[in-house]
Amino acid sequence: MIATSSTAKLQRKGEGLVESPLSKDRTLDELKWEVVARANALGFDSCRIATAAPPPHGPEFTAWLGEGAAGEMEWLGRGEEKRRDPQKVLTGARSVIVVALNYWQGDAPTASSDTSSAMGRIARYAWGDDYHEVMLGKLEQLDKFLQTRGGIQKCYVDTGPILERDFAAEAGIGWHGKSTMLIDPRLGTWFFLGEILTTLVLPPDAPQTPRCGSCNRCITACPTGAITEPHRLDARRCISYLTIELKGSIPLELRSLIGDRIYGCDDCLDACPWNRFASISREAAFAAKPASQMPLREYLALDDQQFRALFRGSPIKRIKRRGFLRNVCVALGNVGNRADLPALHRAASDVEPLIAEHATWAIDRIFERFPTFPPVPHDLAAES
Ligand code: B12
Ligand code: SF4
Ligand code: SF4
């Protein structure tokens, strides 16, 4: 708790009350450390402050949009002005409180001992509960505290028009990696960001020194060449975009590069040497759920209701059954075998044309890879 109120720090001068600069600084520092202590108690791994000034890479963001690198994410363009000026998000904003929450869970648990069933890969951030909900709940508690100190706040976790990585870098949460991921030497890249814009003045923290050096591992590790140059990602080629944000058909020329990934991609994160220092998240909500570890063909049996039940609370529910089964078909086309054909044949006549089209593509790929062996069982031919 703050020991002294700000009015106690006012000294008399003539007729009115003026603030002593010294005591004002102390009050601001105390408020800042109170915020940081509360953020820590809520489970955040880092909490630092940036000034609510226009983010430094606004021009790069505009150029990125202009080149069409956002693909179908037209919502990014709609919020362009706001992303380039926090005053357009919250009038009178003075500070941005930035938090980081580690979601690293270690290596993927192996759920199946049946090696004949192909498994898919889900990006680590989506193994457990939806981070938006987990983090916003915590940020709202900080907001309530700041209201008691006279602040007006807006809280965001990937949910608003903010260039989150720019404010996080300004606050010193991490530095801009060449992969575009923000990196902290302690947490690596495995953390989510959240922000509170506030009308309260809080002393800003210093940025970190960038430490990518001559490393280029993320760029060479990317399966689709989506990191076209350091600090620039063409979302249209990124597997995270193709499997999550893209609503329609996945471009044919990129399907085989997606491999076994069915929701998001971690390759440029896995490649980053700073991740060798990562430690397991303290947040129980991010622990892997069984739904993220099923053999691919079992996902194809899900109807709409079963899909919603299986992924309740998970970020995967966002792409709905049609998007998820589309991705499962692509992965089966890449890593499945003839034992997956019955499930794919059923999917090829799904009422959802998007699923049917990708299932047909997958069947063709499996026949290409396994033209004669092992032989097609009789019941398989009958089912198709
Ligand atoms: C759109 C989006 C995507 C898109 C586009 C990603 C992209 N790199 O642009 C797609 C769907 C591909 C995506 C993928 C992922 N995303 Co995303 N995404 C976002 C979102 C909503 C907006 C990002 C954005 O504005 N992009 C536009 C470009 C121009 O900005 P940027 O890439 O962030 O680039 C910044 C820097 O590179 C810098 N910059 C630009 N030019 C230059 C030049 C130099 C020299 C320097 C130093 C810096 C610099 O300025 C930019 C603005 O800060 C943010 C949340 C948010 N509101 O910010 C989450 C966010 C960036 N995503 C996040 C995550 C976790 C992911 C994935 C790891 C998920 C996954 N496993 O599949 C991948 C990672 C892929 C990658 N390498 O970025 C986290 C990242 C946390 C972190 N530690 O960095 C965020 C912050 C969400 C959150 N609240 O935690 N994402
Ligand atoms: S998330 Fe995957 S596809 Fe996207 S840039 Fe990173 S490695 Fe490339
Ligand atoms: S892999 Fe290397 S270049 Fe890429 S973000 Fe990590 S340290 Fe930077």
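Residues numbered from 1 in each chain as written. Chains lettered and ligands numbered in written order. Predicted model: local features only at pLDDT ≥ 70, side-chain atom pairs only at ≥ 80, totals over all residues.

K.L.:
Mind showing me how you'd approach the nonpolar core here?
P.N.:
Most often, soluble globular proteins have nonpolar side chains that are buried together. In terms of nonpolar packing, the biggest core is built from 95 residues, with I97, V98, V328, C329, L344 and A362 touching the most fellow members. The biggest single contributor to this core is helix α13 (residues 320-335), with 7 residues. Those residues in contact with A362 that sit more than four places away from it in its chain are C329, V330, L332, G333, G336 and L344. (Core = buried A, V, L, I, M, F, W, Y, C linked by C-beta atoms within 7 Å. Buried ≥ 20, exposed ≤ 12 C-beta atoms within 10 Å, placed from the backbone. Helix = DSSP H or I, 4+ residues; strand = E, 2+ residues; numbered from the N terminus. Contact = placed C-beta atoms within 7 Å.)

K.L.:
Hey, could you run me through the site of ligand 2 in this one?
P.N.:
Taken together, the neighbourhood of ligand 2 is formed by 13 residues, with C222, C238, C265, D267 and C268 sitting nearest. Secondary-structure elements contributing two or more residues to the shell around ligand 2 are α8 (239-245) and α10 (267-270). Its residues assigned to classes, the shell around ligand 2 comprises 10 nonpolar, 2 polar and 1 charged. (Near = placed C-beta within 6 Å. Nonpolar A, V, L, I, M, F, W, Y, C, P; charged D, E, K, R; others polar.)

K.L.:
Before we go on, may I ask you to explain the sheet that holds strand β4 (residues 95-102) in this structure?
P.N.:
Strand pairs in the sheet, formed through backbone hydrogen bonds, run parallel or antiparallel to each other. Taken together, 4 strands build an open sheet; the order of strands is β3-β4-β9-β6 and the sheet is antiparallel. Looking along the sheet, the strands with just one partner apiece sit at the ends: β3 (46-51) and β6 (153-156). For this sheet the average axis-to-axis angle between neighbouring strands, irrespective of direction, equals 20°. With 6 bridges connecting them, β3 and β4 associate as antiparallel partners. Along β4, the bridge assignment pairs T51 with S95. Its contacts with the sheet place helix α5 (residues 131-148) against β4, β6 and β9 (191-198), and it is angled at close to 30° to β9. (Pairing = 2+ DSSP bridges. Axes fitted to C-alpha atoms, helices over the stretch in contact; angles between N-to-C directions.)

K.L.:
Can you help me understand the site of ligand 1 in this one?
P.N.:
Taken together, 36 residues are adjacent to ligand 1, and H57, E164, D166, S240 and G264 come closest. Where the shell around ligand 1 is concerned, the elements lending two or more residues are α2 (58-66), α6 (164-171), β9, α8 and α10. Residue composition of the shell around ligand 1, grouped by class: 21 nonpolar, 8 polar and 7 charged.

K.L.:
Would you mind going over the pairing of β9 with me for this structure?
P.N.:
Looking down a regular strand, the side chains alternate between one sheet face and the other. Of all 8 residues in β9, 8 are buried, a share of seventy percent or more. Alternating positions in β9 separate into two faces, F191, L193, E195 and L197 on one and F192, G194, I196 and T198 on the other, with burial throughout. Bridge count for β4 against β9 is 8 bridges, and the pairing is antiparallel. Bridging from a neighbouring strand, V99 pairs with G194 of β9. Two strands pair when backbone bridges link them, and β6 and β9 are joined in this way by 4 bridges, in the antiparallel orientation. Following the sheet pairing, K154 is matched in β9 by L197.

Interpretation note: all reported values are geometric properties and have no functional meaning in isolation.
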